[in-house]
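Below are the chains, spelled out letter by letter.
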Amino acid sequence: MIQDIAPKKLDNQYKPDAVPKDDSVMFCFRGKDVLVRQDEGKLFPTFAQLGHPHDCVYLFTIGKKNFFLLLGHEEPPIPAGFAFEPVRSIRSSKEAKLPSFYAFYTALHLSGWYRANRFCGACGQPTELDTKERALRCPHCGNIIYPRINPAVIVGVLHDGKILVTKYARSYDVPFFALIAGFTEIGETLEETVEREVMEETGLRVKNIRYYKSQPWGSAADILAGFYCDLDGSPEIHMDKQELSRALWASPEEVILQPDDWSLTNEMMQRFKEGKPC
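**With respect to the pairing of strand S4 (residues 56–62)**
Next up, step 1: With 7 of 7 residues buried, S4 is to be regarded as a mostly interior element.
Next up, step 2: Strand direction decides the pairing type here: strand S1 (residues 10–11) and S4, joined by 2 bridges, are antiparallel. The residue of S4 that forms the bridge with Leu10 is Ile62.
Next up, step 3: Where S4 lies against strand S5 (residues 65–70), 6 bridges are found, and the strand directions are antiparallel. Within S5, the position partnered with Thr61 by the bridge is Asn66.
Next up, step 4: Counted along the chain from S4 to the antiparallel partner S5, the turn is 2 residues long, and its residue Gly63 has a positive phi close to 65°.

**Re the packing of aromatic side chains**
Next up, step 1: The tally for this structure, following the rule as stated, stands at 15 aromatic pairs.
Next up, step 2: Each ring, one from Phe44 and one from Phe104, has its centre 5.6 Å from the other, and the planes form 15°; the classification is stacked. A residue pair is termed long-range when its members are at least 10 positions apart, and Phe44 in the loop between strand S3 (33–37) and S4 and Phe104 in helix H2 (residues 100–116) qualify at 60 residues.
Next up, step 3: Residue class for Phe44 comes out buried when judged on its relative accessible area of 7%.
Next up, step 4: Seen from their ring centres, Tyr211 and Phe227 are 5.7 Å apart, and the 70° between their planes marks the pair as edge-to-face. Within this pair, whereas Tyr211 is found in strand S13 (residues 206–217), its partner Phe227 is found in strand S14 (residues 222–231), the two being separated by 16 residues in sequence.

**Notes on the nonpolar core**
Next up, step 1: By size, the foremost hydrophobic cluster in this structure holds 52 residues, and its most contacted members are Phe27, Phe29, Phe60, Phe104 and Tyr114.
Next up, step 2: Per element, the largest residue contribution to this core is 10 residues, and it comes from H2.
Next up, step 3: Dropping the residues within four chain positions of it, Phe27 is found in contact with Phe44, Leu59, Phe67, Phe68, Leu69, Leu70, Ala103, Phe104 and Ala107.
Next up, step 4: Within the second largest apolar cluster, 16 residues are counted, among which are Val155, Ile180, Leu204 and Ala247.

Thresholds applied
Residues numbered from 1 in each chain as written. Predicted model: local features only at pLDDT ≥ 70, side-chain atom pairs only at ≥ 80, totals over all residues. Heavy atoms only, no water. Buried < 20%, exposed > 50% of the residue type's maximum accessible area, 1.4 Å probe, protein only. Helix = DSSP H or I, 4+ residues; strand = E, 2+ residues; numbered from the N terminus. Pairing = 2+ DSSP bridges. Phe/Tyr/Trp six-rings, centres within 6.5 Å; stacked < 30°, edge-to-face > 60°. Core = buried A, V, L, I, M, F, W, Y, C linked by side-chain atoms within 4.5 Å. Contact = heavy atoms within 4.5 Å.

Function cannot be inferred from these measures alone, as they are strictly geometric.
So, in structure tokens, the structure goes:
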């Protein structure tokens, strides 16, 4: 999965006094686009390549490499060989290898948080970077805003040697499968989210809900919790056509995996496909 970058490790301790070096990686977002190199090699520009911009904030370190975010108040000159591309295209069209992809998704998460909280939600005044922790502080009313992390579930429903696989309505033409997924709502446990999402999307009831593993997924500011469970009752599927284009029971041989092994969804399907305990 994207976080499996051993022996390297993400060090996300906030360092407000960190200063970028010439080779520090800089993430520069413009709306839903990100600045990337147009040939093979290192995906993202360095501090030196962007002309040593001032409007940047420290993000994290992976191994010995420091990563910074250009906050976007002033866009720097675009260096030769670089261009803005949609963030959704990076996974499929670029040679994004771990840990670069993990860094990119984590930076995407933080970039959205910084952009959405330039002003205080309590009084409307501009916020400032906190000097001690990863937070934005309102100097007018004292409101403190921390990075938002959205809990969500991935669900592998099992029945009679098969697993429930789906395809999203917006991606009906992709060849590979996904699993039931959804966000946790206010006042809801993760297990209750599993029951509700499976029922809403397929009309099925489940039991024996068991936790498998979690994963950060920065494109939606998520922390994903993976669960397996068993069918409880009729296997007849009543699919929500607004959410899904396909929902079916698949044997191990019928499961079509995703083109990379970076997602929790894919790992859970692969375990089933290989006959491992679920």
